[in-house]
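Residue strings, one per chain:
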Amino acid sequence: MKIGTIILLVWLILVSSLAFAQDKESYLLNTNPTGATVYLKGDFELVAKTPANLPSTLTGLYKAKITRPGYESWKGELTFVPGNSNNVNIELKRKTRFKAGLRSLLIPGWGQIYSGNTVRGGLITLSAAVAAGGLYWLDKDYQDKRSDYDIASEAYYNSSSSIDEKNRLKSIMDKQQRRAYNAETDRRNAFYILAGVWTYNLLDAVIFFPDGDSYYPAVSAIDGGAGLTYTFRF
């Protein structure tokens, strides 16, 4: 009875020692703040939530991408060396209202996409592209009609023909003038629409910038490719 008890105690001690050693060999990857999603790609591919205990089988160079709603994505390379302390702590930068506004000032919709509002950002970008395309086409139409008016005007003022011919040329000139005026009005309206979309986009990116820590579902399915794939969720 005593021998069996001793053997049981020895076995428990060995199991505890092995578990402790295994924990010591694992790598701790953490972020500030925690709760970020980590994507690692190297010999293995895995997804984890911080703080994450990564398996000690990870060795070599891994490409890493770390994302968290409300914070800028972190991209870089991590090297895991057996026998070394491979614990990693990464500071994430919070997205700001100023950066969102600056992006929308440069490209409509970019600030919304940066803030996480991809659908609204895409719609704004599409609207601005349509408005810009319309402005380009209407400007070209105005230039053509203005050129027609200039030709008709030159023909009228340089003509030494009869009164009937002068009246005919004036009628053509007036018609081309009206067409050029209407084309200029259309071009001006298209410019106002584009300016309105751009202004709304900028105000929307700044005023409705999301605050707080909202969590969104993260993609957890990773294609393992040719090698063995580990997928971890913590």
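Residues numbered from 1 in each chain as written. Predicted model: local features only at pLDDT ≥ 70, side-chain atom pairs only at ≥ 80, totals over all residues. Heavy atoms only, no water.

*Asks:* Looking at this structure, I do not really get the sheet that holds strand β3 (residues 45–49). What am I missing?
*Replies:* In a beta sheet, neighbouring strands pair by backbone hydrogen bonds and run either parallel or antiparallel. Reading across from one edge, β3-β2-β5-β6 is the order of the four strands in this open sheet, with antiparallel pairing throughout. Whereas interior strands pair on both sides, the edge strands pair on one side only; in this sheet they are β3 and β6 (71–80). Pairs of neighbouring strands in the sheet enclose a mean axial angle of 20 degrees, with direction left out of account. The pairing of strand β2 (residues 37–41) with strand β5 (residues 60–68) spans five bridges and is classified as antiparallel. The residue of β5 that forms the bridge with K41 is K63. (Pairing = 2+ DSSP bridges. Helix = DSSP H or I, 4+ residues; strand = E, 2+ residues; numbered from the N terminus. Axes fitted to C-alpha atoms, helices over the stretch in contact; angles between N-to-C directions.)

*Asks:* I tried to follow helix α5 (residues 163–207) on my own but got confused; where do I start?
*Replies:* A turn of α-helix holds 3.6 residues, and therefore any two residues three or four places apart point the same way. A rise of 1.5 Å per residue sets the reference length of α5, with its 45 residues, at 66 Å; its end C-alpha atoms lie 65 Å apart and thus fit the reference within 8%. Residues of α5 that are buried: L169, M173, Q176, A180, A183, A190, L194, V197, N201, D204 and A205. Buried residues in α5 make contact with α2 (97–106), α3 (110–115) and α4 (118–157). (Expected span 1.5 Å × (residues − 1). Buried < 20%, exposed > 50% of the residue type's maximum accessible area, 1.4 Å probe, protein only. Contact = heavy atoms within 4.5 Å.)

*Asks:* Explain the packing of aromatic side chains here, please?
*Replies:* Working definition: an aromatic ring pair is given by the centre-to-centre distance plus the angle between the planes. Inspection of the entire model under this criterion finds three aromatic pairs. Relative to Y157, the ring of Y156 has its centre 4.9 Å away and its plane inclined at 75 degrees; by these criteria the two rings are edge-to-face. Residue Y157 is classed as exposed on the basis of its relative accessible area of 57%. The residue whose ring lies beneath K95 is Y114, and the NZ or CZ to ring-centre distance is 5.3 Å. Across the ring face of Y114, the terminal group of R103 is positioned such that the distance to the ring centre comes to 4.2 Å. (Phe/Tyr/Trp six-rings, centres within 6.5 Å; stacked < 30°, edge-to-face > 60°. Lys NZ or Arg CZ within 6 Å of the ring centre and 35° of its normal.)

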